[in-house]
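Listed below, chain by chain, are the residues.
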Amino acid sequence: MNSNSNALNPQQQLLDPQMGDFSHPNPAEFQSQPHPHPHPQPQQRRPRGFAATAAACGGNPISATTAAGGGKGRREREKEKERTKLRERHRRAITSRMLAGLRQYGNFPLPARADMNDVLGALAREAGWIVEADGTTYRPSPPAQMAAFSVRSVESPLSASSLKNCSTKVSLDFQQSVLRMDESLSPASFDSVVVTESETKSKNYTSASASPKCLEAHQLMQDVQSGENNFTGTPYVPVYVVLASGIFDNYCQLVDPEGIGLELKHLKSLNVDGVIVECWWGIVEGWSPQKYVWSGYRELFMIVHQFQLKLQVVMAFHEYGGGDSGDGLISLPQWVLEIGKDNQDIFFTDREGRRNTECLSWGIDKERVLRGRTGIEAYFDFMRSFRTEFDDLFAEGVISGVEIGLGASGELKFPSCSERMGWKYPGVGEFQCYDRYLQQNLRRAARSRGHSFWARGPDNAGHYNSKPIETGFFCDRGDYDSYYGRFFLRWYAQILVDHADNVLSLASLAFEETQIIVKIPAIYWWYKAASHAAELNAGYYNPMNQDGYFPVFEVLKKHSVTMKFVCSGFHVDCQEFDEALADPEGLSWQVLNGAWDQGLTICGQNAYPCYDREEHMRLVEASKPRNDPDQRHFAFFAYQLSVPKVQRAYCFSELDHFIKSMHGDLVCDPES
């Protein structure tokens, strides 16, 4: 009975641990037993993995384990996995750069998370094919090929039919010029590229075939070029001029009321919509906590009101001027600096322990270190005092908006690229998280993650003026993409997001039913590097294939805040762009389209004074892009004048042209 049981259930012997060996107790006896009812045996599965290794080693599991662990097969598989990951990461980086280039230079309306189907569809449409939603692709009918020319003929008496009589060679050259683009220009300037190339081609072929019809086509392209800077009928974008910062002394007294009145009169004659005034924390609450002096601002606001100009104010909780800039220093309140002498950790601190007094560290947002108040409580008291003092101007609608300063230079960023700390463009900057309070926050985050040894800043991130390739943290495939690097950068960026959320929550209480504005920086250098090192140091976790601005947009949308984006990079030449892997237009495309997709209201501001017509026109094109299918545009534009009086006289003439273009009143550009 037992032998039959063993013979009929061989799998039980393999699974029973008390059987000892894997074979039958008596193999010879087992083989000699007759099988009265022979039946076909089921096909055995091919052993895999550990079973295959065990079979090769004679059924001994110890030998199998030794063979598997000691062989090179396992190590080779691990190496192959790592190589596959690197190849996939490299492939994704190439794809991301291709998508960014097509968006920026090819005028392709690709979504933020585009795949290869979107790219193929966009390229096919650009080549003249029709691609339907289900992927069906076919050539259009022959008349559709003239659609591009018929659209351009709206503003000209020439029609598309007049173009058909041109020679075939000229027509083909016109079509080729549409597809050729200068890689140094943005999508907003795409039309200008087409005009320039077409004009060149038409000049070359006029001598060869100067038929009347071809001259009409050439005239058509010239008409398009002359209307390149024609902004008649474009959306009305209000223009606010930022007044100079040195109009108040340290005791909040207006320095030159008559001069300010003359300047406001001149601005009014240029049809400026309003002015922007910075309310400095270091002046209003400069000497004693919770003692606010608004007398100078009251006098200024009355002058602005007399000229019937709109008014926007900035709650400036940062330091301004000093150093090599030549401007007068507006520091933080003196009583805050006195606290800082005894407790230097209230300021941002770099890895070497140097303190930056441009603004208070975000680590004290909820720490009662300011004479019994936290950082955000001090900000809220200042905002509430302003709202109470100028309640009449809010009621009359004179004050149309309030900008909340959230960091260095009034922008939402860590002071990672501070010139007073020795930074020079295009250095990557340094992390600013080494004060006591932020280090405590980092330790709590590391313990909650289960890795207490991660409670430290990167030790291979270079210094202020390093390049990404010179560091082990920001270089390609550097530690920024390791497990620790991703943890640290997410924590660092979350500090920025939490600070914005905390301050805006109180600002919404202080300024109910008032437009609140937050300024986002334009950190465009090293944007083409995989790590986006400068943005990482500033608090934006925006490496390749990662959208570091989306969490910020969510907070702004939560509080119904208008985003002010700094239009920057126009003053830098192409050689500096190449050396710093800079891409201001690519950054602008990501930030503006991401914010618009979130339903945010956007306004703009020039980072540096503009001195020529070209820079002004680029600001206009950035404010209301012509090629935007949804016709989105800025809600208003904050214009910074040049400081020296001599330069300002020249800029007023350019400002007149700029304002007319922004208002949509400019009939034509006299320099075209």
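Cut-offs used in this document
- Residues numbered from 1 in each chain as written.
- Predicted model: local features only at pLDDT ≥ 70, side-chain atom pairs only at ≥ 80, totals over all residues.
- Heavy atoms only, no water.
- Helix = DSSP H or I, 4+ residues; strand = E, 2+ residues; numbered from the N terminus.
- Buried < 20%, exposed > 50% of the residue type's maximum accessible area, 1.4 Å probe, protein only.
- Contact = heavy atoms within 4.5 Å.
- Areas by Shrake-Rupley, 256 points an atom, 1.4 Å probe, with all protein chains shown as cover.
- Salt bridge = Lys/Arg side-chain N within 4 Å of Asp/Glu carboxyl O.
- Expected span 1.5 Å × (residues − 1).
- Core = buried A, V, L, I, M, F, W, Y, C linked by side-chain atoms within 4.5 Å.
- Axes fitted to C-alpha atoms, helices over the stretch in contact; angles between N-to-C directions.
- Parallel < 35°, antiparallel > 145°, perpendicular 65-115°, else oblique.
- Left-handed = near helix turned anticlockwise from the far one by under 90°.
- Patch = residues over 30% accessible without salt bridge, like charges linked within 9 Å, V, L, I, M, F, W, Y side chains within 5 Å.
- Lys, Arg positive; Asp, Glu negative; His and termini not counted.
- Charge placed at Lys NZ, Arg CZ, Asp CG, Glu CD.
- Polar contact = N/O pair within 3.5 Å; in protein donor to acceptor, adjacent residues only side chain to side chain.
- Arc of directions from axis to C-beta.
- Pairing = 2+ DSSP bridges.
- Nonpolar A, V, L, I, M, F, W, Y, C, P; charged D, E, K, R; others polar.
- Phe/Tyr/Trp six-rings, centres within 6.5 Å; stacked < 30°, edge-to-face > 60°.

Helix and strand content of the protein chain: 26 helices and 12 strands. Taken over 672 residues, the protein chain has a buried fraction of 47%. Counting contacts in the protein chain only where the partners sit at least 6 residues apart, residues at least 24 apart contribute 72% of the total. Of the roughly 34,600 Å² of accessible surface on the protein chain, a fraction of 52% belongs to carbon and sulfur atoms.

Here we come to the pattern of salt bridges. All chains considered together, the criterion is met by 23 salt bridges. The partner of Glu285 in a salt bridge is Arg373, and the shortest N-O contact between them spans 3.2 Å. Note that Glu285 is positioned in the loop between helix 14 (281–284) and helix 15 (295–306) and Arg373 in the loop between strand 7 (355–360) and helix 17 (375–389), a separation of 88 residues in sequence. The exposure class assigned to Arg373 is buried, which follows from its relative accessible area of 7%.

Once that is clear, we can look at helix 24 (residues 584–597). Between its terminal C-alpha atoms helix 24 stretches 20 Å, which fits the 20 Å expected from 14 residues at 1.5 Å a residue. Residues of helix 24 that are buried: Pro584, Glu585, Gly586, Leu587, Ser588, Gln590, Val591, Leu592, Asn593, Gly594, Ala595 and Trp596. Two residues or fewer after helix 24 comes Gly599, characterised by a positive phi angle close to 80°.

So, on to the nonpolar core. Membership of the largest hydrophobic core comes to 148 residues, with the highest contact counts inside it found for Tyr297, Phe301, Met315, Phe386 and Ile404. The greatest single-element share of this core, amounting to 15 residues, is contributed by helix 20 (residues 483–510). Formed by 8 residues, the second largest nonpolar core is a distinct cluster that contains Tyr240, Ile276, Cys603 and Phe636.

Once that is clear, we can look at the packing of helix 19 (residues 436–449) against helix 20. The description of two helices packed together rests on the angle between their axes and the distance between the axes. Between helix 19 and helix 20, whose axes approach to 11 Å, the crossing angle comes to 130°. Taken together, the axes of helix 19 and helix 20 are oblique relative to one another. Note on packing geometry: the crossing formed by helix 19 with helix 20 is right-handed. Within the contact between the two elements, helix 19 uses Leu438, Asn441, Leu442, Ala445, Ala446 and Arg449 and helix 20 uses Phe487, Phe488, Trp491 and Ile495.

Checked against the element boundaries, Trp294 lands in the loop between helix 14 and helix 15. In contact with Trp294, not counting residues within four places along its chain, are Cys252, Cys279, Val284, Phe382, Ser385, Phe386, Glu389 and Phe390.

A grouping of Arg74, Arg77, Lys81 and Lys85 is seen on the molecular surface, where their side chains present a positively charged patch. The topology assignment puts Lys85 in helix 6 (residues 73–105).

Here we take up the side chain of Asp501. Looking at the element boundaries, Asp501 is found in helix 20. Of note is the side chain of Asp501, whose polar atom sits 3.2 Å from the side chain of Lys558. Within the structure, Asp501 has its side chain in polar contact with the side chain of His559 (distance 2.7 Å).

A rise of 1.5 Å per residue sets the reference length of helix 13 (residues 257–269), with its 13 residues, at 18 Å; its end C-alpha atoms lie 19 Å apart and thus fit the reference within 8%. Buried residues of helix 13: Ile260, Gly261, Glu263, Leu264 and Leu267, and no others. Down the axis of helix 13, the smallest arc covering the buried residues is 165°, so these residues share one side. Of the exposed residues in helix 13, the ones pointing more than 90 degrees away from its buried face are Glu258, Leu262 and Lys265. Two residues or fewer past helix 13, Asn271 is found with a positive phi of approximately 65°.

A few words now on the pairing of strand 8 (residues 399–404). Burial runs high along strand 8: 5 of the 6 residues are buried. Where strand 5 (residues 310–316) and strand 8 come together, 5 bridges link them in parallel fashion. If you follow Leu311 over to strand 8, its bridge partner there is Ile399.

Next up on the list: the pairing of strand 11 (residues 602–606). Among the 5 residues in strand 11, 5 count as buried, and that is most of the element. In strand 11, alternate side chains face the same way, and those of Ile602, Gly604 and Asn606 on one face and Cys603 and Gln605 on the other are all buried. Relative to strand 11, strand 10 (residues 562–567) is paired through 5 bridges, and the arrangement is parallel. For Phe565, the partnering residue across the bridge sits in strand 11 and is Gly604. The sheet contact formed by strand 11 and strand 12 (residues 637–640) spans 2 bridges and is parallel. Residue pairing across strands places Gly604 opposite Phe637, the latter belonging to strand 12.

Looking now at the sheet that holds strand 5. Overall, parallel pairing links the 8 strands, which are arranged 3-4-5-8-9-10-11-12 in a closed barrel. Geometrically, the sheet is characterised by an average inter-axis angle of 30° between neighbouring strands, direction not taken into account. Sheet analysis places strand 3 (residues 239–242) next to strand 4 (residues 274–280), joined by 3 bridges and oriented parallel. When the bridges of strand 4 are listed, Val242 appears paired with Ile276. Each of strand 8 and strand 9 (515–520) is contacted by helix 20, which is oriented at about 155° to strand 9, the strand it contacts most.

Quick look at the packing of helix 13 against helix 15 now. Following both chains from N to C, one finds helix 13 and helix 15 inclined at 30°, their axes separated by 10 Å at the closest point. Between helix 13 and helix 15, the crossing angle belongs to the class labelled roughly parallel. Considering how the two elements wind past one another, helix 13 and helix 15 form a crossing that is right-handed. Together, Pro257, Ile260, Gly261 and Leu264 of helix 13 and Glu299, Leu300, Ile303 and Val304 of helix 15 make up the contact between the two elements. Taken together, the residues of the contact of helix 13 with helix 15 sort by class into 6 nonpolar, 1 polar and 1 charged.

Within the structure shown, the criterion is met by 46 aromatic pairs. Aromatic pair Phe431 and Phe488: ring centres 5.0 Å apart, planes at 90°, arrangement edge-to-face. With Phe431 in the loop between strand 8 and helix 19 and Phe488 in helix 20, this residue pair connects regions lying 57 residues apart in the sequence. Between Phe488 and Trp491, the aromatic rings sit 5.8 Å apart at their centres with planes inclined by 40°, giving tilted as the arrangement. Placement of the pair is Phe488 and Trp491 together in helix 20, with a separation of 3 residues, close to one helical turn. You'll find Phe488 and Trp491 in the same group, each marked buried.

What is shown is where atoms sit, not what they do.
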